[in-house]
Amino acid sequence: MSRRTMLAGTGAAGAVALTAAACSTAPKPQDALRGQVVAQTTDVPEGGGLLLIDAKLVITQPEPGQFRAFSASCTHGGCTVQEVTTDIHCLCHHSKFGLDGEVLQGPAVDPLEPFEVKVEGTDIILV
C-alpha cells in the first residue's frame, strides 16, 4: 500500500468518526421541551396514548392516572411511530411496543427511549 493510499484511508476514517460523534451529541427534539407542558391528562386516553409528532413523543396512560413518555423514534430503523391504540405501532417495518415502551413485536429488539414526566393538575410536563 502506498503512503498516499494509507493517508487517504486514514483521512476518510477520521471524517466518518467526526460525523458519527457530531450526530451522537446533537440535541434531541425532546430536549427543547423539558420543563414545559407537553399535553393535558384529558388528551391521553386510559389504556392508550397520544402521539406528538413534532415533539417526537408518545405519551401513554397504561393505568388510570399513570402517565409515561417515550421517544416516538422506533428503535429498529428510526422511523417515527405512526399510531397509538392499546399499543404503539411503527408502520415502517411493523414493530409494536407496549404502553410501557417494551417491544411486543419485532423487528425492533430494544424498547422505546423513556422520558420522565410529572403531572400538575391536568398538565403533563416533560422533566
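Just so we're clear, the structure is a prediction, and the values are computed from it rather than from any experiment.

Cut-offs and rules
Residues numbered from 1 in each chain as written. Predicted model: local features only at pLDDT ≥ 70, side-chain atom pairs only at ≥ 80, totals over all residues. Heavy atoms only, no water. Helix = DSSP H or I, 4+ residues; strand = E, 2+ residues; numbered from the N terminus. Buried < 20%, exposed > 50% of the residue type's maximum accessible area, 1.4 Å probe, protein only. Contact = heavy atoms within 4.5 Å. Areas by Shrake-Rupley, 256 points an atom, 1.4 Å probe, with all protein chains shown as cover. Core = buried A, V, L, I, M, F, W, Y, C linked by side-chain atoms within 4.5 Å. Pairing = 2+ DSSP bridges. Salt bridge = Lys/Arg side-chain N within 4 Å of Asp/Glu carboxyl O. Polar contact = N/O pair within 3.5 Å; in protein donor to acceptor, adjacent residues only side chain to side chain. Disulfide = S-S within 2.5 Å.

Caption draft 1: View of the overall build of the chain. When helices and strands are tallied, the chain shows one helix and eleven strands. Ordered by position from the N terminus, the helices and strands of the chain form the series α-β-β-β-β-β-β-β-β-β-β-β. Of all 127 residues assigned to the chain, the portion counted as buried reaches 30%. For the chain, the share of sequence-separated contacts (at least 6 apart) that also reach a separation of at least 24 residues comes to 41%. Entry remark: accessible area of the chain is about 7400 Å², with carbon and sulfur atoms responsible for 57%.

Caption draft 2: Representation of the nonpolar core. Membership of the largest hydrophobic core comes to 13 residues, with the highest contact counts inside it found for Val38, Leu57, Ile59 and Ile124. For this core, the secondary structure elements donating two or more residues are strand 1 (37-40), strand 3 (57-63), strand 4 (66-71) and strand 11 (123-126). Apart from the residues within four sequence positions on either side, isoleucine 59 is in contact with Val38, Val44, Gly48, Gly49, Leu50, Leu52, Arg68, Ala69 and Ile124. Val58, Phe70, Val84 and Phe97 belong to the second-largest nonpolar core, a separate cluster that totals twelve residues.

Caption draft 3: Examining the side chain of threonine 41 more closely. Positionally, threonine 41 belongs in the loop between strand 1 and strand 2 (48-52). Those residues within four positions of threonine 41 in sequence are excluded, and the remaining contacts are Gln61, Phe67, Val119, Gly121, Thr122 and Ile124.

Caption draft 4: Examining the sheet that holds strand 4 more closely. Here four strands make up an open sheet; going across it, the order is 2-3-4-9 and the pairing antiparallel. Sheet topology places strand 2 and strand 9 (114-115) at the edges, where each strand pairs with a single neighbour. As defined by bridge partners, strand 4 adjoins strand 9 across two bridges and the pair is classed as antiparallel. Looking across to strand 9, one finds that phenylalanine 70 is bridged to proline 114.

Caption draft 5: Summary view of the pattern of salt bridges. Inspection of every chain in the model, using the stated rule, returns three salt bridges. For the salt bridge of aspartate 31 with arginine 34, the shortest nitrogen-to-oxygen distance reads 3.5 Å.

Caption draft 6: Region of the structure containing the pairing of strand 3. Within strand 3, five of the seven residues are buried, which leaves it mostly tucked inside the rest of the structure. Bridge analysis of strand 2 against strand 3 gives five bridges, and the strand direction is antiparallel. Residue pairing in the sheet places leucine 50 in a bridge with isoleucine 59 of strand 3. Taking the residues that link successive antiparallel strands as the turn, the strand 3-strand 4 hairpin has two residues, and the phi of glycine 65 there is positive, at about 80°.

Caption draft 7: View of the environment of aspartate 100. Inspection of the secondary structure puts aspartate 100 in the loop between strand 7 (95-97) and strand 8 (103-105). Separated by twelve residues in the primary sequence, aspartate 100 and leucine 112 have C-alpha atoms spaced 8.6 Å apart. In this structure, aspartate 100 is in contact with Arg68 and Phe70, ignoring residues within four places of it in sequence. Only 3.0 Å separates the side chain of aspartate 100 from the backbone nitrogen of glutamate 102, close enough to count as a polar contact.

Caption draft 8: Broad picture of the state of the cysteines. Under the criterion given, the structure shown has one disulfide. Disulfide partner of cysteine 79: cysteine 92, at an S-S distance of 2.4 Å. Residues cysteine 79 and cysteine 92 are joined through a disulfide that is left-handed, its torsion about the S-S bond being -110°. Here the residue cysteine 79 occupies a position in the loop between strand 4 and strand 5 (83-84), and cysteine 92 occupies one in the loop between strand 6 (88-90) and strand 7, the gap between them amounting to 13 residues. We classify cysteine 92 as partly exposed; its relative accessible area is 34%. Unpaired in terms of disulfides, cysteine 90 finds its nearest cysteine sulfur in cysteine 74, a separation of 3.9 Å. In this structure cysteine 90 comes out as buried when scored by relative accessible area, which is 1%.

Any functional reading would require information that these geometric values do not contain.
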